[in-house]
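Observations on the three-dimensional arrangement
Chain by chain, the residues:
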Amino acid sequence: MPRFPKPAEGSWTEHYPELGTAPISYEDSISPEFYEREREAVFKKAWLNVGRVEELPRSGSYFTKEIQVAKTSVILVRGMDGEVRAFHNICRHRGNKLVWTDMPREETSGVCRQFQCKYHGWRYDLEGQLKFVQQESEFFDLDKSANGLVPVHCAVWSGFIFINLSRGPVEPLEDFLGPMVTALDGYPFDKLTARFAYRTEVKANWKLFMDAFQEFYHAPVLHAKQSPEKYSKLAQEAGFEAPHYQIDGPHRLVSTSGVRFWEMDSELVKPMETLTRSGLFGPWECPDLGEMPVGLNPAKCDPWGLDSFQLFPNFVILIWSQGWYLTYHYWPTSYNSHIFEGNVYFPRATTARQRVAQEMAAVTFKEFALQDANTLEATQMAVESGYVDRFNLCDQEVLCRHLHKVVADWVEGAEAPAKAR
Amino acid sequence: MALLPTEFADLEPYAATWCLGSEPERYAIRLASTMPEMFAFYAAITPRAEAAMSYLDQFPLSDLSDDATNLLHLLYSLVMVSFPVEAWSQPKVPDTGATTFECHIEPVP
């Protein structure tokens, strides 16, 4: 008997019949040719999150984002009018990358009044207008007003900055995000500004790592050594079941039940968890963040654990019941590698005790993520061998099934524009 | 020159090694330490951790003196070594080979 009720169809997977229940192929994760199609059809078409408004605190604040999968670099900047804008990071004169420090391929950030090209000194204002050309009279019919920085579609939702690299018109960001994601409106992301940021390159296709974090079926096994033996044994015997899965357009959500560690026998928690009153699920003392938005905890679980919103294509917002949240970004660098970024956001601690509890949660997060990341390299190698080409997914892995289907739909849809998506 | 508040003079022998202000430094010293070194540090700090937090909670977190900040960093290092000591009996989390996950931004303090 399942611990949580399943939909009337008998399973979450069958509740979304377009997904099917057959074993799936990972050809989309081992094929250089498919990766080339994905670049055009997914990463140059979908809205991509590149950061938060807190990273651009005032007029003139900027940062650059390398989007290797789209072969471009983008400048994000807050203008004199307070608006956040995005531009391709390229000078209109001879094509030099406009904003960078020592290393041409590395991201940078800072505050400035104008952007000046290192090569010949052309200058652009914060709104992208070309303002100064060195020895302008030497040029032929140069129209400065027609040679501003090339804009990138840019929009902000709940403080998250998104860009879209399409050359033509695009669907409004909130339409793309849809009702399931925008039901998070009102979550106090702007109050959770104490940030830990992590980064690594993973030698696996980006979708395989997304799969790792959109199912928790693996958790009692892969992470068994993280907990006292007695807890691990109980967790493995119980297995994992989510009370709720949801799919809305290209996006998906898993919600989990919580654990009241503070009520548990001391043999089931680590001494440092008891001492710091914190652990994987976050600080045991939950800050008062006011009323939560309607889109959170859709199964109304008590205790509730977390909601993991998987935003197509490569962005995750994971909100914990204990008043903190994570984001994940998966930036492809080749068919079998990507940059993985993890961010952990807490309310700013006012006491040392709160801060130590946050440290415990952040360090625990890193140790779990290391185990997940290392497993992915092993999966990539094994799948690339090609000797097994169909893989069995259970009902707790319904979201993995959906991601691979949506990517295939976008790729095929883009290549056959006559067919409706 | 003492690094820690006088109330925690007994922990001074650990201060020079373990009062580290950034996660990359704390993570690196964990990987570079032996299990006996970490057991000794853990055994010395753990019984004093509750007193250390109570002491630090007398002051606003945004305005800690240098010696109080060192004590806070010592607690961060205690968190860092607790994983090998309490769970894995090895400096690096099991099954992670050459994988890294670098922390490049963290709240201060």
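What you see is a predicted model, and the numbers here were worked out from it, not measured in a lab.

Once that is clear, we can look at the interface of chain B and chain A. With 41 residues of chain B at the contact, the number on the chain A side is 35 residues. Approximately 3,600 Å² of surface area, both sides summed, lies buried where chain B meets chain A, with 62% of it carried by carbon and sulfur atoms. Where chain B touches chain A, the interface holds six salt bridges. When residues of the side of chain B that touches chain A are traced back to their parent elements, those giving at least two are α2 (23-32), α3 (35-56), α4 (66-88) and β1 (102-105) of chain B. With 11 residues, α4 of chain B is the single largest residue contributor to the side of chain B that touches chain A. Looking at the side of chain B that touches chain A residue by residue, the classes come out as 24 nonpolar, eight polar and nine charged. One ladder, built from three bridges, connects strand β11 (residues 194-202) of chain A with β1 of chain B; its direction is antiparallel. Each residue of the ladder has a partner; that of Tyr 198 of chain A, found in β1 of chain B, is Cys 103 of chain B.

Glancing now at helix α4 (residues 173-182) of chain A. Taking burial as the measure, the 10 residues of α4 of chain A include seven buried ones, the bulk of the element. Looking only at α4 of chain A, the buried set comprises Leu 173, Phe 176, Leu 177, Gly 178, Met 180, Val 181 and Thr 182 of chain A.

Where empty space is left becomes clear once a probe the size of a water molecule has been rolled over the atoms. Considering all chains together, one arrives at one cavity of 30 Å³ or more under this definition. The calculated volume of the largest cavity comes to roughly 30 Å³. Residue lining of the largest cavity: Met 272, Leu 275, Thr 276 and Val 356 of chain A together with Ala 49, Met 53, Leu 75, Leu 78 and Val 79 of chain B, and that is the complete set. The set of elements that each furnish at least two residues to the lining of the largest cavity consists of α8 (271-276) of chain A together with α3 and α4 of chain B. Among the residues making up the lining of the largest cavity, the classes are represented as eight nonpolar, one polar and no charged.

Let us now look at the side chain of Asn 314 of chain A. Residues and elements named next belong to chain A. Residue position: Asn 314 is located in the loop between β14 (304-311) and β15 (315-320). Looking at Asn 314, the relative accessible area reads 0%, which means it is buried. One polar contact links the side chain of Asn 314 to the main-chain carbonyl oxygen of Tyr 330, over a distance of 3.0 Å. Once residues lying within four places of it in the same chain are set aside, the contact partners of Asn 314 are Phe 43, Leu 48, Trp 206, Met 210, Tyr 328, His 329, Tyr 330 and Trp 331.

Bringing the pairing of β14 of chain A into the picture now. Residues and elements named next belong to chain A. Of all the eight residues making up β14, eight are buried; the element is thus mostly covered by neighbouring parts of the structure. In terms of strand pairing, strand β13 (residues 251-257) meets β14 through six bridges, oriented antiparallel. Within the sheet, the bridge partner assigned to Arg 252 lies in β14 and is Gln 310. Note: β14 against β15, six bridges, orientation antiparallel. Within the sheet, the bridge partner assigned to Leu 311 lies in β15 and is Phe 315. Linking β14 to β15, which pair antiparallel, is a turn of three residues.

Our focus in this paragraph is a negative patch on the surface. A surface patch of like charges, here negative, comprises Glu 171, Glu 174, Asp 175 and Asp 185 of chain A. The residue Glu 174 of chain A is located in helix α4 in this model.

Ile 67, Ile 163 and Ile 317 of chain A are the most contacted members of the largest nonpolar core, which totals 150 residues. Tallying contributions element by element places α4 of chain B first for this core, with 13 residues. Setting aside chain neighbours within four positions, we find Ile 67 of chain A in contact with Leu 48, Val 50, Thr 72, Val 74, Ile 163, Leu 165 and Trp 331 of chain A. In terms of nonpolar packing, the next biggest core, distinct from the first, is built from 16 residues, Tyr 62, Ile 75, Val 99 and Tyr 124 of chain A among them.

A word on the environment of Val 398 of chain A. Residue and element names in this part refer to chain A. Relative to the helices and strands, Val 398 resides in helix α10 (residues 398-415). Along the primary structure Val 398 and Val 259 are separated by 139 residues, whereas in three dimensions their C-alpha atoms are 23 Å apart. Leaving out residues up to four positions away in the same chain, Val 398 has contacts with Trp 12, Thr 13, Leu 19 and Tyr 245.

About the criteria used
Residues numbered from 1 in each chain as written. Chains lettered and ligands numbered in written order. Predicted model: local features only at pLDDT ≥ 70, side-chain atom pairs only at ≥ 80, totals over all residues. Heavy atoms only, no water. Contact = heavy atoms within 4.5 Å. Buried area = accessible area lost by both parts, 1.4 Å probe. Salt bridge = Lys/Arg side-chain N within 4 Å of Asp/Glu carboxyl O. Helix = DSSP H or I, 4+ residues; strand = E, 2+ residues; numbered from the N terminus. Nonpolar A, V, L, I, M, F, W, Y, C, P; charged D, E, K, R; others polar. Pairing = 2+ DSSP bridges. Buried < 20%, exposed > 50% of the residue type's maximum accessible area, 1.4 Å probe, protein only. 1 Å grid on protein atoms, 1.4 Å probe; cavity = no way out; pocket = protein on both sides within 12 Å on 5 of 7 lines; lining within 4 Å. Points joined across faces, edges and corners; volume = space filled by probe spheres on them. Polar contact = N/O pair within 3.5 Å; in protein donor to acceptor, adjacent residues only side chain to side chain. Patch = residues over 30% accessible without salt bridge, like charges linked within 9 Å, V, L, I, M, F, W, Y side chains within 5 Å. Areas by Shrake-Rupley, 256 points an atom, 1.4 Å probe, with all protein chains shown as cover. Lys, Arg positive; Asp, Glu negative; His and termini not counted. Charge placed at Lys NZ, Arg CZ, Asp CG, Glu CD. Core = buried A, V, L, I, M, F, W, Y, C linked by side-chain atoms within 4.5 Å.

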